[in-house]
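Below are the chains, spelled out letter by letter.
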Amino acid sequence: MTTLLQCFRLTHRAGTKPLFDKLDLTINSGDRIGLVGHNGSGKSTLFSLLSGAEPPEAGEIARAGDLMLETVEQFIDPGLRGHTLADALAAKLPVEERAFSEYKVAMLLARLGFVEREFEHRVGDLSGGQQNRLMFARAVINSPNLILFDEPTNHLDLRTLLYFEDFLRGMAAAYILISHDRQFLDAVTDRTLFLRDQHILSFQLPYSEA
């Protein structure tokens, strides 16, 4: 087990509202974590701090030297809507890899339930479920070792949800996901973090048992 990220005594506010008070958190390789808490408790803000999108007001976040962290997009980039499905996925790869990416892109799309004729469909013409699968594919194609998912099951159709669950179970990367879907949390996580009263309570259990 390798430590990927550690938070030490994080303190942060949203305007005048305190969200975290000397919060500590450790994330290790192989962790499959569900993050739960009341609306407004700071779950999405914590993700912003973990990803480096914004700094904490006080405290420290230590990241492993080999950490590759991805956050799953909430919405498709409007600039991708005219791209094909395959090109929108390949665009996430380093420039030097794109010329040789056809096989890698095709394999990942197939694993996520796309058939070959759909690879050339325009992103703007995809269904909501297909766009969700594309955003997930864009997060995992570079083999990150930590992924942050913010409400990934919102508006998912059943078919997409089942693909998503199956992929997560077989994924090597550690992940943290915010969700209010108890059944989904029980299916894909084995550790639960409760964000409550400005602190984290951690249980090495899926949500229902925790």
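Our structure is the block above this text.
Here is what the cut-offs are and how they apply
Each chain has its residues counted from 1, running along the sequence as written. Where totals are concerned, whole chains, interfaces and linings use all residues; where local detail is concerned, this predicted model gives features only for residues with pLDDT of at least 70, and gives and counts side-chain atom pairs only at 80 or more. Side-chain numbers come from the whole structure's heavy atoms, not from hydrogens or water. Here a strand pair is declared whenever DSSP counts at least two bridges between the two strands. Going along the chain from the N terminus, every DSSP run of H or I of four or more residues is numbered as a helix, and every run of E of two or more is numbered as a strand. Orientation is described by lines fitted to C-alpha atoms, with helices fitted over the stretch in contact, and by angles between N-to-C directions that extend from 0 to 180 degrees. Expected span of a helix: the number of residues minus one, times 1.5 Å. Relative accessible area decides the class of each residue, using a 1.4 Å probe on protein chains only: under 20% of the type maximum gives buried, over 50% gives exposed, and in between gives partly exposed. Residue contacts follow a heavy-atom distance rule, with two residues in contact if any of their heavy atoms lie within 4.5 Å. Among buried residues, those of type Ala, Val, Leu, Ile, Met, Phe, Trp, Tyr and Cys that are joined through side-chain atoms within 4.5 Å constitute a nonpolar core. What makes a patch is a set of residues exposed beyond 30% relative accessible area and free of salt bridges, joined within 9 Å when like-charged and within 5 Å when nonpolar (Val, Leu, Ile, Met, Phe, Trp, Tyr). Accessible surface area values rest on a Shrake-Rupley calculation with a 1.4 Å probe, where residue burial reflects the displayed protein chains alone. One side-chain nitrogen of Lys or Arg within 4 Å of one carboxyl oxygen of Asp or Glu is enough to make a salt bridge. Note on terminology: angles under 35 degrees are roughly parallel, angles over 145 are roughly antiparallel, angles of 65 to 115 are roughly perpendicular, and the others are oblique. Crossing handedness: left-handed means the near helix sits turned counterclockwise from the far one by under a right angle, and right-handed means the same turn made clockwise.

## Describing the sheet that holds strand β6 (residues 146-150)
The mixed open sheet is built from 6 strands, whose spatial order is β5-β6-β7-β3-β8-β9. Because the sheet does not close on itself, it has two edges, and the strands there are β5 (69-71) and β9 (199-203). Adjacent strand axes in the sheet meet at a mean angle of 20°, parallel and antiparallel pairs treated alike. Note: β5 against β6, 3 bridges, orientation parallel. Looking at β6, one finds that Leu-69 is bridged to Leu-146.

## Notes on helix α4 (residues 128-140)
Along its 13 residues, α4 runs 19 Å from first to last C-alpha, staying within 8% of the 18 Å computed at 1.5 Å per residue. Along α4, the positions that sit buried rather than exposed are Gly-129, Gln-130, Gln-131, Asn-132, Arg-133, Leu-134, Met-135, Phe-136, Ala-137, Arg-138, Ala-139 and Val-140. Those residues of α4 that are buried are in contact with β5, α2 (85-90), α3 (102-111), β6 and α5 (158-169).

## Some points on the nonpolar core
Phe-136, Phe-149, Leu-168 and Met-171 are the most contacted members of the largest nonpolar core, which has 39 residues in total. Contributing elements (two or more residues each) for this core: α2, α3, α4, β6, α5, β7 (174-178) and α6 (182-188). Examining the composition of this core, we find that 6 residues originate from one element, α4, more than from any other. Among all residues touching Met-171, those that are not within four sequence positions of it are Arg-32, Phe-136, Val-140 and Ile-147.

## Some details on a nonpolar patch on the surface
Where nonpolar side chains cluster on the molecular surface, the patch consists of Leu-201, Phe-203 and Leu-205 and spans about 220 Å² of accessible area. Take Leu-201: it is sitting in strand β9.

## Observations regarding unusual backbone geometry
Here the phi dihedral of Glu-151 falls at roughly 55°; this positive angle occurs in a residue that is not glycine. Its relative accessible area of 17% is what places Glu-151 among the buried residues.

## What about the packing of α4 against α5?
Two numbers describe how α4 lies on α5: the axes approach to 9 Å, and their chain directions differ by 20°. Accordingly, the angle class assigned to the pair α4 and α5 is roughly parallel. Considering how the two elements wind past one another, α4 and α5 form a crossing that is right-handed. Residue-level inspection shows Gly-129, Arg-133, Phe-136 and Val-140 of α4 in contact with α5, the latter providing Arg-159, Thr-160, Tyr-163, Phe-164, Phe-167 and Leu-168.

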